[in-house]
Amino acid sequence: MAEFGAHLNQNASSERPTIFEVIAQESMTSVLRPAVNYALKIIASSRPDRLGWLWRYGEELYTALDLMVQNYFLRKYGGSFSEHFYGLKRAPCEASHPWTLPVRTTSITARTILSDKQRYLSLLALVVVPYLRLKMDQYFNRLKEENLHANTAYSPRRQALVLHIKKILLSVYPFLHCVWESTFLGYQMLYMFSRCDSHSPLVHWIGLKLQRLSKEDILAQVVHKDIFFPFVGKKWKDLIISLPLAIPNILAKMLANGLPLLVFFLKFMEWWYSSENSQTVTMVTQLPIPPPPPKPKPAEYGLSLPSHPAQCPLCAKVRTNPTALSTCGYVFCYPCIYRYLGQHGCCPVTHLPSTQQQLVRIYVSDDM
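Residues numbered from 1 in each chain as written. Predicted model: local features only at pLDDT ≥ 70, side-chain atom pairs only at ≥ 80, totals over all residues. Heavy atoms only, no water.

Looking at the environment of W55
Cut-off, in case you're wondering: Each helix is a run of DSSP H or I of at least 4 residues and each strand a run of E of at least 2, with the numbering of both proceeding from the N terminus. Note on exposure labels: buried denotes an accessible area under 20% of the residue type's maximum, exposed denotes more than 50%, and partly exposed covers the range between, all computed with a 1.4 Å probe on protein chains only. Note on definitions: a residue-residue contact is assigned when non-hydrogen atoms from the two residues lie within 4.5 Å.
With respect to the element layout, W55 can be found in helix α3 (residues 48-56). The exposure class of W55 is partly exposed, given its relative accessible area of 24%. Setting aside its immediate chain neighbours within four residues, W55 contacts N37, K41, A44, G345, P353, S354 and T355.

Thoughts on the nonpolar core
Cut-off, in case you're wondering: Among the buried residues, those of types Ala, Val, Leu, Ile, Met, Phe, Trp, Tyr and Cys that are joined through side-chain atoms within 4.5 Å form a nonpolar core.
Counting residues in hydrophobic clusters, the biggest one holds 15 residues, and the most contacted among them are L325, C328, F332, C347 and L359. Only β6 (331-333) and α12 (334-344) provide two or more residues apiece to this core. Ranked by the residues each element gives to this core, the list is headed by α12, at five residues. In this structure, C328 is in contact with P296, C347, T350 and L352, ignoring residues within four places of it in sequence.

A few points about the pattern of salt bridges
Rules: Counted as salt bridges are all cases of a side-chain nitrogen of Lys or Arg within 4 Å of a carboxyl oxygen of Asp or Glu.
The full count for this structure, using the stated rule, is seven salt bridges. A salt bridge links E59 to R33, with the shortest nitrogen-to-oxygen separation between them at 2.7 Å. Taken together, the residues span a long stretch of sequence, with E59 in helix α4 (residues 58-77) and R33 in helix α2 (residues 19-46) at a distance of 26 residues. The buried category is assigned to E59, whose relative accessible area is 15%. Take R33: its relative accessible area is 16%, and that puts it in the buried class. Ionic pairing is found between R90 and E83, a salt bridge with its closest N-O pair at 3.1 Å. Of the two residues, R90 and E83, both sit in the buried class.

Brief notes about the packing of aromatic side chains
We apply this condition: Aromatic pairing here means that ring centres of Phe, Tyr or Trp (its six-membered ring) are within 6.5 Å. Orientation follows from the plane angle: under 30 degrees is stacked, over 60 is edge-to-face, and everything else is tilted. Only Lys NZ and Arg CZ are tested; either one counts as a charge over a ring when it is within 6 Å of the ring centre and within 35 degrees of the ring normal.
Within the structure shown, the criterion is met by nine aromatic pairs. Relative to Y77, the ring of F73 lies with its centre 5.5 Å away and its plane at 45°, an arrangement referred to as tilted. A residue pair is termed a helical-turn pair when its members lie 3 or 4 positions apart in one helix, as F73 and Y77 do in helix α4 at four residues. Owing to a relative accessible area of 5%, F73 belongs among the buried residues under this scheme. Between the aromatic rings of F81 and F85, the centroid separation amounts to 6.5 Å while the plane-to-plane angle is 40°, which identifies the pairing as tilted. With F81 and F85 both in helix α5 (residues 81-85), this residue pair falls four residues apart, about one helical turn. With a relative accessible area of 4%, F81 lands in the buried category. In this structure an aromatic cluster arises from ring pairing among Y72, F73, Y77, F81, F85 and Y86. Across from the ring centre of Y191, 4.0 Å away, lies the NZ or CZ of R16, which sits over that ring.

A look at the pairing of strand β5 (residues 322-325)
So the rule is basically this: When DSSP finds two or more bridges between a pair of strands, those strands are recorded as paired.
Side chains P322 and A324 project from β5 onto one buried face, and the interleaved T323 and L325 project onto a second face that is buried too. Sheet topology places β5 next to β6; three bridges connect them, and they run antiparallel. Looking at the pairing, A324 lines up with V331 of β6. Where β5 lies against strand β7 (residues 359-361), three bridges are found, and the strand directions are antiparallel. Residue pairing across strands places T323 opposite R361, the latter belonging to β7.

See the structure below:
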């Protein structure tokens, strides 16, 4: 496979990255979001009362973090975080494209950097579009669940119209998703056979393509590799004035330099405690089986437990279709806890971060 890929790219320019480099940098982008969300979930679970919002708004926090990091790399290096990690940058496809000009140059070398419009459009494609697509996927999954448990009772005209629109979306969205993925796959196939300069329709729409870093780019990075480079040689008065303005760049550099190590550490911990690796961990450590964890305590502002164990904490009635929430172990009515998790994303008693996928139905025999 690698020999075939090399054969496909043997006539291409040395600046043109191979399809394997392109796929590798895109795969790295898909790993960052789950890793950051996993870290936010661990932090929120430690103090669900005060830090539970980290899990509820985890996607928004990651989007803001991603926006800051990507903007820094696009402005400084002309490429996204993952593209720069693999030694790539973005360059104009053709001079006739309306968004390729003007091209600016740095004062240190003659290397070109992206214009403001190209950078903003790249941020739109790198950050905003994936966020909107993720939200659409989540909304589609919720619609599927609602459709499975929909109430067939009579509804007013307005509710009937909303229900009709939702059914249309349930029918159309899989087709749109297929067209979206097929378009990206088609661009990658054309790029692999050197029929297109851009590997993605979004990158092609901006009027850019990927290139390997040049000698000038590498020399410029060596000059700017120090995080505190802007403060070298400045007086104390100028330093105090410029420090507040440089804080966002310093934070972006620290995040950019520490993000690969953080991702590696989180994925390693996830593998270490995974079920597939549990037997290997036990053989290596030879530790005794730990006692079961203590029962989660109700949160300070959480719902109080009912007096009778057969009552649901949400509706205070005898449970129907009893369902346990695996994050806390408490049992609720299935409709009550399903709706609550869809709205709040946490346990109503302990405020631990939870999702609808963590519900476990309990089937009780009539003879018991």
